[in-house]
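Report on the structure
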Amino acid sequence: MFIYLSKKIAIPNNIHLKCVSWNKDQGFIACGGDDGLLRVLKLESQTDDAKLKGLAAPSNLSMNQTLEGHSGAVQVVTWNEQYEKLTTSDQNGLIIVWMLYKGAWYEEMINNRNKSVVRSMSWNADGQKICIVYEDGAVIVGSVDGNRIWGKELKGNQLAHVAWSPDSKILLFGMANGEVQIYDNQGNFIVKMTISCLSNATGAISIAGIHWYAGTGGYVEPDCPCLAICFDNGRCQIMRYENDEYPVCIDTLMNVVSIQWNHCGSVLAVAGSLRAANQDKEFNVVQFYTPFGEHLRTLKVPGKQMTGVGWEGGGLRIGLAVDSYIYFANIRPDYKWGYCCSTVVYAYTKPERQEYCVVFWDTKNNEKFVKYVKSLMSITTSGDFCILASKADDTQPQEDADLESGSHARYVLILCNSIGTPLDSKYIDIDPLFVTMTKTHVIAASKEAFYLWQYRVAKKLTALEINQVTRTKKEGRERVYHIDSNPSGASEGSPDFAKAFTATRDPICSITATDKTLIVGRESGTIHRYSLPNVVLLHKYTLNNRAYYLSLNCNSSRLAIIDIAGVLTLLDLEVRSSGEDSMGNQASAGDPSKFERKDVWDMKWAKDNPDLFAMMEKTRMYVFRNLDPEEPIQTSGYICKFEDLEIKSVLLDEIMKDPERPNKDNIINFEIRSLRDSRALIEKVGIEDASQFIEDNPHPRLWRLLAEAALQKLDLKTAEQAFVRCKDFQGIEFVKRLGNLQSEPMKQAEVAAYFSRFEEAERMYLDMDRRDLAISLRMKLGDWFRVLQLLKSGSGDCDDALLEQAYNAIGDYFADRQKWVNAVQYYLQGRNQERLAECYYMLEDYPGLEKLTSLLPENHKLLPEIGQMFATVGMCEQAVKAYLKCSQPKAAVDTCVHLNQWNKAVELARTHNMKEIKSLLSKYASHLLEKNKTLEVVELYRKAHYFLDAAKLMFKVADEEAKKGTRPLRVKKLYVLAAHLVESYHEQVKTSQQSKAKGKKSEATTALAGLLEEDASSSDNRIVDNAWRGAEAYHFFLLAQRQLYDGYLPNAMTTALHLREYEDIIPAVEIYCLLAICCTANRCFGQCSQAFIKLESLECLSPEQRQQYEDLALEIFTKHNSSSTELFPSSEGADGKLPTCIVTGLPIQEYQFWMCSVCKHCAQGQEISKYNCCPLCHSAIA
């Protein structure tokens, strides 16, 4: 940062000031002094010129009001910014709260304890409470509306200072003897603070100031020190929180009167006086420190006694109360910023985030990209790239950190492009306090050593390839040198960070580099010059002052140095004689020019002229050509770049007021005098004289200016010469093309187009009746709306191909902006089917897409894409249509499979004789079976007409369910379903045979062939032949029980007897138990006893169960005689086995009976008439 005094305001009648306070939000300055003096001032910049902003704008007092009310000397003034109140108190203990009403300040409240004097007052961070401390130990906490919240007497203590914590939970009280005590916000004592900065300090001490930064502007670093306590003897400590055991301690070596943090807690101002080394008199100074105790600057202030210090809200100015004056000093902060590739990169802190917010603001298109970086240290830019230096985050993996050293690298350099994309990074151990970069190298220096990294940027590599490039060949791309070493340029191995930590007596204080030279400045004033890329120490120069900023001109012949006091000097680096060069490493005085400027805080060399540079001196920018200044320009911008006789400058102060919304008005371009003069000459005097002037002051930019002016006047000869001088090949070609044109208006139109005056050029073309040229101009510009207008406006026919091209281009315009509806209209007119399909898909207009499919000719290249579109949204039928239309049955089948439309898939595979459908099915089936989804597999096979496979699985499921002992009705249903599948299989075989035979043979032969084929193919005869057996078994099992419970006992017994044929399906135990019950109920004990005999002989019973059956039989047959010798009656008829009625379970004796068309089972005519469905297979009765 740089600071200089800019203004002073005198208080009338020489009344001495005691205190000053600057309202951060509204900008009012309150100052109190002797004899009840209290004034409120406000500085406002008044200017009509839009370019003059910030500090460069002249500022006047827009308010200067004396507040009457105090009689004694006003000792304390403090602002409540949230509620726009001012609180003041004087030596008599009178407190007044002032409020702003219609632009003036009035008393709102008054309070006087009449016992003691107020030593300090402090509002908390949200402006709700004020704490007032009196000298006699009394403490009062009041609310913003004037009510007292609590009061307390701290007995035996003389109070001097008070401060709130940022969260308003803690109060710090500073005692007159230098102690600091910590209380909670209710006034209960917690603990005494340890003051470590006062170790070995002697004599009486008092506190000069306590300021606890409330975090309103964010923090420089996570966990940043923010509580500053300073003593009058110059000792100061900065703490992270109230009981921080390791505070930052500073000895300012001055008598301190007041301290204050700036608006974002990054700079602490310590005001007081310093005794000169050799004189007795003291002089006033303000010292500036970072929160980590590093000294930034010293500002000397005239006058006898400084009494107070106050920062402005934006941190750009500071007010100092000295004697009967208020001095204002302007501050040029060290923003973290850079400029690369028309992008301004800047960083700021936000209160809600711990990281720095780094903004990459592209000033051309006004786009911004934001990146968050923890503990950012600096931003350095060069060319198209930018380096962000920050402290390494412990939590992140560090691939290229030097892991052999056993410790994590502590810092990281990130190489970014101009939109903030990280391209590469390096973890390093040395603290990158100073960073500079060239087109090929990044150089980072700590106080003791500097580190070189030869970065590579792959222009057209993917991120993966970039990573591989960075993995290879690490050696030779990173090197470390200690400042006291004497590098000879010999190639070294991998960088040795260990040697970089050796202390040095003369630390590095600044660095800069160009492609061939590296300059390192040291605190003693010595400057080292090294060659790049192989680092060799070429020369040492000795200066009188310590360099703060170094910069080399474009050919590395001259070095500009701004020292710590803001004095700019120049040093010529040209080697003078070879004799001295051999002794180059001995310190020798450089060739100091007589040039010197004071109060300089920024400078930039021109990129294209070694004798041209611009510099900022206070609020003026000077341009120097050969050390002669041009007249200054009022501005307070930071210089981005100086090229082509133009200076681009950015008003960072304005941007930082609202960093989230940077405004293009804050980028200012200044033309230097030779460019302005040439332009004036061309306009006022003429091309000849201007040409002579430019000949004397040659510069490509001036030649270009001349060439353009000559073109305007159609002076082609001069234009061509000028284009040659500024090496503009396109310009030369253009002039040649103009020379070949005959008509004058034609030339003028071409020139207008060259200077981007397209409307004018188009008008000229149309006036010459050259609509075709106007159209081609608009086509080049991509203004297709105008092309369409021009095409339609012409009389006669217009070119259809052009018209279609225009329609399609406008369609593209809308499609790029995702306005699909508009795009469709134009694509329809332009007959662009590819883009139409895309638009329909985006609009989810599937009927439109279907229509398009039907309109397209067969085998059109768009059809597969449309098929894919339909497939992605699950529209199988339409997808298949599209695929079949372009002869891609395989894709159609794949889509069906993908969408689980297996029947369709099989059908297609059949029609197109595709072999792989079976394998597809079995793959999918096994996949489902693995997941135990048997029924889904059955459904799959059924849909794919693989009925036999489905039936096999279904029988398996039914058998398993039967084994589990599931409800018999469910098992019957499963068997019926399995049998139905077998019937479908029979039907399938039959139809396939018929289609093969095609009516040549009789039906009988066809049926026979079908049966033979079945026989040959089915290895599973049981399933095919006796498909209904399982269903029958469970049907009769259920029927017998139903008959038994309904009281049809003989029928029940007959049905149960019939069940004996199904022992292979229903467990024998269950059959014979049921039979025994039916026989007993029907009092047929003969059959019953046979059933018991059968039961007792079953091998599957355990001895206990067998014993139970025997006991039961004994019990029954001791009571009832089982003499009936008739064995189980047989259902045999005269003509062999009789069919069983599926309704009653009885054998059918008649010749006339009903047979089901599906399951081929029989029933008696009169019985079945009561039913609508077949009792066994549940198919409808015709």
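None of the values given here were measured: they were computed from a predicted structure.

So, about the nonpolar core. If you look at the biggest cluster of nonpolar residues, it comprises 95 residues, and the most contacted ones within it are Tyr-975, Trp-1028, Tyr-1034, Leu-1059, Ile-1066, Phe-1092 and Cys-1174. If we ignore the near neighbours within four places in the chain, the residues touching Tyr-1034 are Ala-962, Pro-968, Val-971, Lys-972, Tyr-975, Ile-1065 and Ile-1066. In terms of nonpolar packing, the next biggest core, distinct from the first, is built from 60 residues, Leu-55, Val-650, Ile-655 and Phe-755 among them.

Next up on the list: the sheet that holds strand 8 (residues 94-101). To summarise the sheet geometry, strands pair through backbone hydrogen bonds and adopt either a parallel or an antiparallel arrangement. The four strands lie next to each other as 6-7-8-9, forming an open sheet whose pairing is antiparallel. Since the sheet does not close on itself, it has two edges, and those belong to strand 6 (74-80) and strand 9 (104-112), each with one partner. Going from strand to strand, the sheet's axes swing by 20 degrees on average, the running direction of each strand aside.

What follows covers the environment of Arg-317. Mapped onto the elements, Arg-317 comes out in strand 27 (residues 317-322). With relative accessibility at 13%, the residue Arg-317 sits in the buried group. Taking the C-alpha atoms as reference points, Arg-317 and Asn-330, 13 residues apart in sequence, are found 4.6 Å from one another. Each residue touching Arg-317, except ones within four places of it in the same chain, is listed here: Trp-22, Leu-43, Leu-55, Ser-59, Gly-310, Trp-311, Glu-312, Ala-329, Asn-330 and Ile-331.

This part is about the state of the cysteines. One pass over the full model with this rule turns up zero disulfides. Free cysteine Cys-416: the closest other cysteine sulfur is in Cys-386, separated by 5.2 Å.

Scored by pLDDT, the protein has a mean of 83; 90% of the residues are at 70 or more. Contacts from residues 400-406, a stretch scored under 50 in pLDDT, to residues over four places away or in other chains number 11 contacts. In the model, residues 576-592 has pLDDT below 50 throughout and makes 24 contacts with residues more than four positions away in sequence or in other chains.

Read across the open sheet, the four strands follow the order 29-30-31-32; overall the sheet is antiparallel. Where the open sheet ends on each side, the last strands, each with one partner, are strand 29 (337-340) and strand 32 (367-373). The average angle at which neighbouring strand axes cross in this sheet is 20 degrees, direction not considered. Pairing analysis gives seven bridges linking strand 31 (residues 356-362) to strand 32, with the strands arranged antiparallel. Of the residues in strand 32, the one forming a bridge with Cys-357 is Tyr-372.

Enumeration over the complete set of coordinates arrives at 41 salt bridges. Between Glu-221 and Lys-391 there is a salt bridge whose closest N-O contact spans 3.0 Å. Here the residue Glu-221 occupies a position in the loop between strand 18 (207-212) and strand 19 (227-231), and Lys-391 occupies one in strand 34 (residues 385-391), the gap between them amounting to 170 residues. In this structure Lys-391 comes out as partly exposed when scored by relative accessible area, which is 31%. The salt bridge partner of Lys-890 is Asp-894, with a shortest N-O separation of 3.2 Å. Note that Lys-890 and Asp-894 are positioned in helix 19 (residues 889-898) at a spacing of four residues, about one turn of the helix. Taking relative accessible area as the criterion, Asp-894 reaches 32% and is therefore assigned partly exposed. Three or more residues are tied together by salt bridges with common partners; here these are Glu-759, Glu-762, Arg-778, Asp-783 and Arg-786.

Parameters at a glance
- Residues numbered from 1 in each chain as written.
- Predicted model: local features only at pLDDT ≥ 70, side-chain atom pairs only at ≥ 80, totals over all residues.
- Heavy atoms only, no water.
- Core = buried A, V, L, I, M, F, W, Y, C linked by side-chain atoms within 4.5 Å.
- Buried < 20%, exposed > 50% of the residue type's maximum accessible area, 1.4 Å probe, protein only.
- Contact = heavy atoms within 4.5 Å.
- Pairing = 2+ DSSP bridges.
- Helix = DSSP H or I, 4+ residues; strand = E, 2+ residues; numbered from the N terminus.
- Axes fitted to C-alpha atoms, helices over the stretch in contact; angles between N-to-C directions.
- Disulfide = S-S within 2.5 Å.
- pLDDT = per-residue confidence, 0-100.
- Salt bridge = Lys/Arg side-chain N within 4 Å of Asp/Glu carboxyl O.

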